[in-house]
Amino acid sequence: MSNPATSSSRPAGGPVAERASGWLTLLNYLLPGAGFCLAGRRARGLLQAGMVLVTMALGFSLHGGVAWPSWSPQAQDFNLINNFTFIVQMGGGLPALASLAANLGGWSLLAGVPQDAYYELGGYYLVVAGAVNYFAALNFHDRLVKQDSRFREQEMDDAEGLL
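Residues numbered from 1 in each chain as written. Predicted model: local features only at pLDDT ≥ 70, side-chain atom pairs only at ≥ 80, totals over all residues. Heavy atoms only, no water.

Visitor: Whenever I open this one, the confidence of the model for the protein confuses me. Can you help?
Guide: Low-pLDDT portions of the prediction should not be read for the details of their coordinates. Model confidence for the protein is summarised by a mean pLDDT of 84, while 80% of its residues fall at 70 or above. Of all secondary-structure elements in the protein, the lowest mean pLDDT belongs to helix 1 (residues 4-7), at 43, while helix 4 (residues 42-61) reaches the highest, 95. (pLDDT = per-residue confidence, 0-100. Helix = DSSP H or I, 4+ residues; strand = E, 2+ residues; numbered from the N terminus.)

Structure (structure tokens):
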């Protein structure tokens, strides 16, 4: 349990912003874990970065990529599942944007190879990485920007521990 004398102060291990900026939420989305690291929550930031970037690297190594879907229901290649997949994959931040740019620009690096046998599996890894990063960015916003009351007790306990 937390000590009342130390529960209102943060550990000396790093500067934790009392109330983080909304810009850090955007940075945490674009560069997974960067917002937490800059707010002094290095362990949580590195954990987020590791989870998202390793999962994305696995997806890219399986020749998966972020592809621009057809948005018109009248188009012959329209597929609602592809549209939802694209939206979740874009939760991956800058690596997902780089993959989309590579796909649209015709560059081979990060573009994905639809003819490859593991393309769909690689795309699935990118969906998982995008979802993890999206929820981690929202968690950052709730904990450090909005400072939601449901996290107050946990934040006091976290101030004494690792995360």
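We are not done yet, so read on.
Visitor: Looking at this structure, how should I read the packing of helix 5 (residues 80-89) against helix 7 (residues 119-145)?
Guide: When two helices pack together, their arrangement is given by the angle between the helix axes and by the axis-to-axis distance. With their axes 7 Å apart at the nearest point, helix 5 and helix 7 run at an angle of 50 degrees to one another. Considered as vectors, helix 5 and helix 7 are oriented oblique to each other. In this structure, helix 5 uses Thr-85, Val-88 and Gln-89 to contact helix 7, whose residues at the interface are Gly-123, Leu-126, Val-127, Gly-130 and Ala-131. For the contact of helix 5 with helix 7, the per-class residue count stands at four nonpolar, four polar and no charged. (Axes fitted to C-alpha atoms, helices over the stretch in contact; angles between N-to-C directions. Parallel < 35°, antiparallel > 145°, perpendicular 65-115°, else oblique. Contact = heavy atoms within 4.5 Å. Nonpolar A, V, L, I, M, F, W, Y, C, P; charged D, E, K, R; others polar.)

Visitor: Looking at this structure, how should I read the packing of aromatic side chains?
Guide: What characterises a pair of aromatic rings is the spacing of the ring centres plus the angle enclosed by the ring planes. With the rule as written, the count across this model stands at five aromatic pairs. Summarising the aromatic geometry, the rings of Tyr-134 and Phe-135 are spaced 5.2 Å apart at their centres and angled 70 degrees between planes, so their arrangement reads as edge-to-face. A relative accessible area of 43% places Tyr-134 in the partly exposed class. Taking relative accessible area as the criterion, Phe-135 reaches 54% and is therefore assigned exposed. One Lys or Arg, Arg-44, reaches over the ring of Phe-36 and ends 5.8 Å from the middle of that ring. (Phe/Tyr/Trp six-rings, centres within 6.5 Å; stacked < 30°, edge-to-face > 60°. Buried < 20%, exposed > 50% of the residue type's maximum accessible area, 1.4 Å probe, protein only. Lys NZ or Arg CZ within 6 Å of the ring centre and 35° of its normal.)

Visitor: I keep staring at the layout of surface pockets and nothing clicks. Help me out?
Guide: In this approach the atoms are scanned with a rolling probe the size of a water molecule, which exposes any empty space left behind. The computed volume of the largest pocket comes to approximately 370 Å³. Along the walls of the largest pocket sit 19 residues, with Ala-67, Asn-82, Thr-85, Tyr-119 and Glu-120 positioned nearest its centre. Elements with a contribution of two residues or more to the lining of the largest pocket: helix 5 and helix 7. For the lining of the largest pocket, the leading source of residues is helix 5, giving six residues. Along the lines of polarity and charge, the residues of the lining of the largest pocket split into nine nonpolar, eight polar and two charged. (1 Å grid on protein atoms, 1.4 Å probe; cavity = no way out; pocket = protein on both sides within 12 Å on 5 of 7 lines; lining within 4 Å. Points joined across faces, edges and corners; volume = space filled by probe spheres on them.)

Visitor: Would you take a moment to explain the side chain of Asn-28 for this structure?
Guide: Of note, Asn-28 is situated in helix 2 (residues 22-30). Using a relative accessible area of 0% as the deciding quantity, one classes Asn-28 as buried. Of note is the side chain of Asn-28, whose polar atom sits 3.4 Å from the backbone nitrogen of Gly-33. With near-sequence residues (within four places) excluded, Asn-28 lies in contact with Gly-33, Ala-34, Gly-35, Phe-36, Gln-48, Asn-133, Ala-136, Ala-137 and Phe-140. (Polar contact = N/O pair within 3.5 Å; in protein donor to acceptor, adjacent residues only side chain to side chain.)

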